[in-house]
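# Structural description and commentary
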Amino acid sequence: MTQPASEPALDAFLDQAIAAARAGAEVIRRGALDRDRLTIERKKANDFVSEVDRNAEDAIIASLAARFPDHGFIAEESGVNGDAEFTWLIDPLDGTTNFLHGIPHYCTSIGLRHAGRIVVGVILDSAKDHLFTATEGGGAFLDGEPIRVAVRDGLDEAVIGTGFPFTDWSYFDAYMDSLRDVMRRCAGIRRAGAAALDLAYVASGWLDGFWEMNLNAWDVAAGSLLIREAGGIVTDFAGAGDFIARRQIVAGGPATHAALLARLDAYPGLRVETGPR
């Protein structure tokens, strides 16, 4: 089944984003063949970067810039480059720690922001060769087939994804309290270690919901569009739409999202403003 046509400009952006993601994924695949020889640096506690991250990001930006030289970029390793009407939000290798340990749960995530909205999203799981795509108003797809979020009545039968605090411990106690609460009310908790790919799993109905704090724009841009286009809801912990600015996200099908948001609301310690990065 082919993806239906959306607004022509978005299709052109999507095609190039897919090509860029594949260019980055090729760097990642080559690096996976020789993990033991990679140069690895510690950016801060529990936050690693390798030459693969940087080389994959260079390949992605080069691919996009060749087609759209007037666009701006916000990327995990190189930061902000250019102030433009269209800005690409890029995580070349989300789940670096998984990658470095040979755990096959990592991805490349590319989102395009225009007029304050994410209008194109691509997540490529290079370990399993799954391609998740979305355009604003055009639906969400996995390998060209349409996807929808799971339909649940709440948390009772839901499997929920999350991410543990690992670089900022200031909200650790409140998070653990919320984890205990949600865990007691749902069918299971999963912490796989790659937020962008976890969001793609929510869009695909493989996870029923997701929440995490201290995330960056490049972590959530593409995944948030996938979920919305797949019929889900994405907000911050207050139920508002500024999840990128506040660096906190709650996502899922409508009923699951509402139930998860209600549980998190019981823990004011989670409302800390982590600020943009």
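As a reminder, the structure under discussion sits directly above these lines.
A few points on the structure. Quick caveat: nothing in here was measured; it's all calculated off a predicted structure.

Right, let's talk about the nonpolar core for a bit. Counting residues in hydrophobic clusters, the biggest one holds 36 residues, and the most contacted among them are Ile 123, Phe 132, Leu 197, Leu 226, Ile 227 and Ile 249. Beyond its immediate stretch of four places on either side in the chain, Ile 249 contacts Leu 199, Phe 210, Trp 211, Glu 212, Leu 215, Val 220, Val 234, Thr 235, Phe 237 and Phe 243. Counting 24 residues, the second largest nonpolar core, distinct from the first, contains Phe 13, Ile 18, Ile 60 and Val 122.

Residues of helix 8 (residues 254-264) that are buried include every one of Thr 256, His 257, Leu 260, Leu 261 and Leu 264, and no others. Seen from one end, helix 8 has its buried residues packed into an arc of 130°, which puts them on one side. Residues of helix 8 that are buried in the fold lie against strand 11 (159-162), helix 4 (172-185), strand 13 (209-213), strand 14 (233-235) and strand 15 (248-252).

Under the criterion given, the structure shown has 10 salt bridges. Close ionic contact of Arg 152 with Glu 157 constitutes a salt bridge, the shortest N to O distance being 3.7 Å. On the basis of relative accessible area, Arg 152 is assigned to the partly exposed category, the value being 31%. For Glu 157, a relative accessible area of 58% corresponds to the exposed category. Among the charged side chains, a salt-bridge network with shared partners connects Arg 152, Glu 157 and Asp 208.

Thresholds, definitions, all that
Residues numbered from 1 in each chain as written. Predicted model: local features only at pLDDT ≥ 70, side-chain atom pairs only at ≥ 80, totals over all residues. Heavy atoms only, no water. Core = buried A, V, L, I, M, F, W, Y, C linked by side-chain atoms within 4.5 Å. Buried < 20%, exposed > 50% of the residue type's maximum accessible area, 1.4 Å probe, protein only. Contact = heavy atoms within 4.5 Å. Helix = DSSP H or I, 4+ residues; strand = E, 2+ residues; numbered from the N terminus. Arc of directions from axis to C-beta. Salt bridge = Lys/Arg side-chain N within 4 Å of Asp/Glu carboxyl O.

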